[in-house]
Amino acid sequence: DDAVLWLLGDQLNPDLDALADADEVLLIEAHGFADRKPYHAHKLTLVFSAMRHFRDALRDRGHDVSYVNAESFGEGVDGFLADRPDAHLRLMRPASHGAGDRLRELVAERGGSLELVDNELFWTTPADWREWTGEPGEEATRPVVGEDGSADSRYRQEGWYRHVRRETGVLMDGDEPVGGEWNYDDLNQETPPDDWEPPERPRFDPDELTRETHEWVRERFDTWGAESLDAFAWPVTREEAREALDAFVRDRLPSFGRYEDAMVEGEPFLSHSLLSPAINLGLLNPREPVRAVEAAYEERGVEPGAYDSDEGSAAGGSATTLDAFGGGDREDEPADAGDADLPPVPLNAAEGFVRQVIGWREFTRHVYREAMPELATADRLGQSRGLPPAYWDGDTDMRCLSEAVGHVREYGYAHHIERLMVLSNVALLYGTDPAALNEWFHLGFVDAYHWVTTPNVVAMGSFGTDVLSSKPYAASGSYVNRMSDYCASCPYAVSRTTGEGACPLNALYWDFLAENEETLRGTGRMGLMYSHLDEKAGAELDAIRERASAVRELAADGKL
Ligand code: FAD
């Protein structure tokens, strides 16, 4: 029997080990899912174009590829098995909850067989996770999230991150983290000076195949977001994805750390890597960006907080070479390892990036695996409102929200702090049902898949469960003011909490704390905020709650 490797639309990597012993490759381009929600046109274009390019790339490499167009996987498998009844299918375990078993059944019902193998496109395996949690056996012994949304607090990202650093040796000096600290986040909270220009975004202009795909997407589906391809610049092939990675490491990595949490009007990308769409499609294996950043640090590394003087140094001090900083363990480094033409890479940038990928990305994936299906509907705070219409049309005077929604509409992208501290924060304080917000993220972002939005949106962004953090990421206007230049041009006054014209986030924030006191007062690290709330008891709190309810009404009516 022929061994057929079935690859899903988020497994588009031609260098997989699994391809080495496959006689044939099956790709099913299933369309029905995209009829159920108004996905961003760029997202559908990206996924379908990347699949079509992948088909062509595999054929160029000499693989025998069956490419089936179908409404559903069931129809696709029917079509394939009709021609090839003896084929033995193999599939890398899908990232989506339950999908592996579902597809195995679907194939079995049609008289075929499907074997599930490990998914090479994550760095760590379910067995690695179990080794870390110390749970024996094949399956988790209990769900991570309980029915009321409360979670087992043994699972914290920081512990996982250190474990993976040790296991992989990434940025390690023997048993110690390079530089002596695991985490340099305190250096990664600067906002750029007014005259700072972000490095140019690498652009991969749509080719003929992407354009055709986009035209078909526009005809075939009801989509949301930018209709033209003018702003579409995502890599759609492995070669382009590798180029995007090179460009990030060359140009953006040096300032990635320091401005990681900043928000600047008219600048959706800053120094972020913009690699999530490529990593999540499989075009890049997550090891590649991590190893590339580590190698760049080895060549161009400088101490944390030391920047090239051309970059407008705020932290002070000239860039010190790694040889001076790294000390005795680095004698094997050539004396002049740095490329003189490229800006130095401070340790806080390299470490910050590595943490996002082997810390957060791998961690959220395992939490998702273990905590589903409870995670998808977790709603610890009992929030039940729908999303305000501004999330769809971007029509609001709140500058932070109109900027962030505008970026999503135009690019299918917003960076992490916009996702967390604007788009999720506003929805959280407003009282949005976490599942409704999850659906919006899922359809609106080019890098969104159920396995990654669900932990990020339901847990991190909405505090539907405390599995990812012990307190909600809730913030008033002063956080947005500190991390962005939005408030300066916003008609709402960030300095005021009550009355017309006051920043909506302020009243919503205190009202949210008051509303959820029972759940939140006792949870870790909220004590200080509740003592501030206690000081407001009486007339001040009454006025706050009145303003909050006026804000909610305006938001629901699309008039905020
Ligand atoms: P960078 O800032 O350059 O970060 C580097 C890489 O780290 C990313 O490419 C990504 O692979 C990884 N990463 C960083 N944080 C996370 C995280 N929390 N979870 C998973 N990976 C992470 N990420 C997605 O890939 N798809 C999503 O649909 C998605 N939705 C999100 C929704 C919310 C509410 C929040 C708070 C976060 C979400 N994230 C999502 C995580 C993160 O915001 C994005 O990965 C990141 O913004 C992608 O842009 P970038 O490649 O420029 O990231």
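Residues numbered from 1 in each chain as written. Predicted model: local features only at pLDDT ≥ 70, side-chain atom pairs only at ≥ 80, totals over all residues.

Draft legend 1. Just the overall build of the protein, in detail. Helix and strand counts for the protein come out as 22 helices and 9 strands. For 560 residues, the compact-globule formula gives about 24 Å, and the C-alpha radius of gyration of the protein, at 24 Å, lands near that figure. Summarising its shape, the C-alpha atoms of the protein cover approximately 75 × 60 × 50 Å along the three principal directions. Burial statistics for the protein: of 560 residues in total, 47% are counted as buried. Contacts in the protein between residues at least 24 apart in sequence constitute 76% of all its contacts with a sequence separation of at least 6. (Helix = DSSP H or I, 4+ residues; strand = E, 2+ residues; numbered from the N terminus. Rg over C-alpha atoms; globule rule 2.2 N^0.38 Å. Buried ≥ 20, exposed ≤ 12 C-beta atoms within 10 Å, placed from the backbone. Contact = placed C-beta atoms within 7 Å.)

Draft legend 2. Focus on the packing of helix H14 (residues 399-411) against helix H15 (residues 416-430). Interhelical geometry of H14 versus H15 gives an angle of 115 degrees and a closest axis separation of 10 Å. For the element pair H14 / H15, the angle class is roughly perpendicular. Once H14 is placed against H15, the crossing between them reads as left-handed. In this structure, H14 uses Cys400, Leu401, Ala404 and His407 to contact H15, whose residues at the interface are Glu418, Val422, Leu423 and Val426. Considering only residue class, the contact of H14 with H15 consists of 6 nonpolar, 1 polar and 1 charged. (Axes fitted to C-alpha atoms, helices over the stretch in contact; angles between N-to-C directions. Parallel < 35°, antiparallel > 145°, perpendicular 65-115°, else oblique. Left-handed = near helix turned anticlockwise from the far one by under 90°. Nonpolar A, V, L, I, M, F, W, Y, C, P; charged D, E, K, R; others polar.)

Draft legend 3. Structural context of the pairing of strand S3 (residues 65-70). In this sheet, S3 lies alongside strand S2 (residues 24-30) in parallel orientation, the contact comprising 6 bridges. Each residue of the ladder has a partner; that of Leu26, found in S3, is Ser66. As a crossover connection, the stretch from S2 through helix H1 (residues 41-60) into S3 is right-handed. (Pairing = 2+ DSSP bridges. Right-handed = clockwise from strand over helix to strand, strands pointing away.)

Draft legend 4. Main features of the site of the ligand. Near the ligand, the surroundings consist of 28 residues, among which His272, Ser273, Ser276, Gln356 and Ala448 are the closest. Elements represented by at least two residues in the shell around the ligand include exactly helix H8 (276-281), helix H11 (347-371), H15 and helix H17 (450-461). Class assignment of the residues belonging to the shell around the ligand gives a composition of 13 nonpolar, 12 polar and 3 charged. When residues of the shell around the ligand are sorted by domain, at least three fall in each of domain 2 (157-203 + 237-360) and domain 3 (372-556). (Near = placed C-beta within 6 Å. Domains from an automatic or database assignment.)

Draft legend 5. Spotlight on the confidence of the model for the protein. Across the protein, the average pLDDT comes to 92, with 92% of residues at 70 or higher. Low pLDDT, under 50, characterises residues 312-337; the stretch is placed with 33 contacts to residues that sit more than four places away or in other chains. ipTM for the predicted complex: 0.99, alongside a pTM of 0.94. (pLDDT = per-residue confidence, 0-100.)

Draft legend 6. How the structure looks around the sheet that holds strand S4 (residues 88-92). Across the sheet, 5 strands lie side by side as S3-S2-S1-S4-S5; this open sheet has parallel pairing. Strands with a single pairing partner mark the edges of an open sheet, and in this sheet they are S3 and strand S5 (113-117). Strand after strand, the sheet turns through a mean of 30 degrees between neighbouring axes, direction not considered. Packed onto the sheet, helix H2 (residues 73-83) meets S2 and S3 and runs at close to 135 degrees relative to S3. Its contacts with the sheet put helix H3 (residues 99-109) on S4 and S5, and the angle it makes with S5 is roughly 160 degrees.

Draft legend 7. Representation of the domain arrangement of the protein in the model. Here the domain parsing of the protein yields domain 1 (3-117), domain 2 (157-203 + 237-360) and domain 3 (372-556). Of the residues lining the interface, 13 residues belong to domain 2; the matching set on domain 3 comes to 17 residues. Counted by class, the side of domain 2 that touches domain 3 contains 7 nonpolar, 4 polar and 2 charged residues.

Draft legend 8. The arrangement of the packing of H11 against H17 in detail. For the pair H11 and H17, interaxial distance at closest approach is 9 Å and the crossing angle is 90 degrees. By the angle between their axes, H11 is roughly perpendicular relative to H17. Between H11 and H17, the residues in contact are Thr364, Arg365, Val367 and Tyr368 and Trp451, Val452, Thr454, Pro455 and Asn456, respectively. Considering only residue class, the contact of H11 with H17 consists of 5 nonpolar, 3 polar and 1 charged.

Draft legend 9. Quick peek at the pairing of strand S1 (residues 3-6). When S1 meets S4, the two strands line up parallel, connected through 4 bridges. Residue Val4 lies in a different strand from S4, and its bridge partner there is Leu89. Sheet topology note: the S1/S2 ladder contains 3 bridges and is parallel. Paired with Leu5 across the strands is Val25, a residue of S2.

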